[in-house]
Amino acid sequence: MTTIVVVRKGDSAVIAADSLTTFGTTRLAPSYDRHPEKIAAYGDSFIGVAGSAAHQLVLENVLERTPNLDFHGKAAIYESFRRLHPVLKDEAFLNPKEEEDDPYESSQMTVMVANPCGIYGVYSMREVFEFDRFWAIGSGRDFALGAMFTVYDKVKGAADIAQAGIAAGAEFDTGTAPPMMMHSVKLR
């Protein structure tokens, strides 16, 4: 459980996340976790992952070992996650089954990407969406979306909007807690 947001405004894009990890009803607060970061860097892209606590380490490991991935644009992100899926299955032992009648194997994770080309979401069957203003994933997403919608036209920068989203998630979602971690990029 988590809250991860991406925001695009003016000439900048931001990705932000809370820093709480949960295992069922057990909370691993950031003060007990030596590595509470939920956002990984790959070149000039920042990638945040929601879902199982195992996803973070697995994704960081696979990204580190997989050269020439491209997260600049919808088609490039799709192709990169298509290339990553067999690696996740064969080397990280991902279980790709969700529902019996799913049209594709699942990568079992929801991901946000922010880089100089924009802000994106990647869902479990490698569906890729490019967002114009903002989006959120994780258990606190509904609270974050509402907060960001409310402040988007009222505040100046993407960082303030992301802050509002993470703060709302931390206030109302049991799987989200501060401190917030944030990365910003200048858009092309």
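We now turn to the structure provided with this report. (Residues numbered from 1 in each chain as written. Predicted model: local features only at pLDDT ≥ 70, side-chain atom pairs only at ≥ 80, totals over all residues. Heavy atoms only, no water.)

Another aspect to go through is the packing of aromatic side chains. For any pair of aromatic rings, the description consists of the separation of the ring centres together with the inter-plane angle of the planes. For the structure on display, the rule yields six aromatic pairs. On the numbers, 5.4 Å between centres and 90° between planes, the contact of Y42 with F71 is edge-to-face. Linking Y42 in strand β5 (residues 39–42) with F71 in the loop between α1 (54–65) and α2 (74–92), this pair joins segments that are 29 residues apart in sequence. Here the two residues Y42 and F71 agree in accessibility, since each one is buried. Across from the ring centre of Y152, 4.8 Å away, lies the NZ or CZ of K9, which sits over that ring. The positively charged end of R133 is found above the aromatic ring belonging to Y152, 4.5 Å away from the centroid. (Phe/Tyr/Trp six-rings, centres within 6.5 Å; stacked < 30°, edge-to-face > 60°. Helix = DSSP H or I, 4+ residues; strand = E, 2+ residues; numbered from the N terminus. Buried < 20%, exposed > 50% of the residue type's maximum accessible area, 1.4 Å probe, protein only. Lys NZ or Arg CZ within 6 Å of the ring centre and 35° of its normal.)

Below, the discussion takes up the sheet that holds strand β10 (residues 134–137). Across a sheet, strands are paired by hydrogen bonds formed along the backbone, either parallel or antiparallel in direction. What the four strands build is an open sheet, ordered β10-β1-β2-β11; its pairing is antiparallel. Pairing within the sheet leaves two strands with one partner each, and these edge strands are β10 and β11 (181–186). Direction aside, neighbouring strands of the sheet carry axes that sit 10° apart on average. Both strand β1 (residues 4–9) and β10 contribute to a ladder of four bridges, which runs antiparallel. Directly across from I4, in β10, lies its bridge partner I137. Contacts between helix α3 (residues 141–151) and the sheet are confined to β1 and β10, with β10 contributing the most and set at about 160° to the helix. Each of β1, β2 (12–17) and β11 touches helix α4 (residues 158–172); the most contacted strand, β1, lies at about 155° to it. (Pairing = 2+ DSSP bridges. Axes fitted to C-alpha atoms, helices over the stretch in contact; angles between N-to-C directions. Contact = heavy atoms within 4.5 Å.)

By themselves, these figures tell us nothing about what the structure is for.
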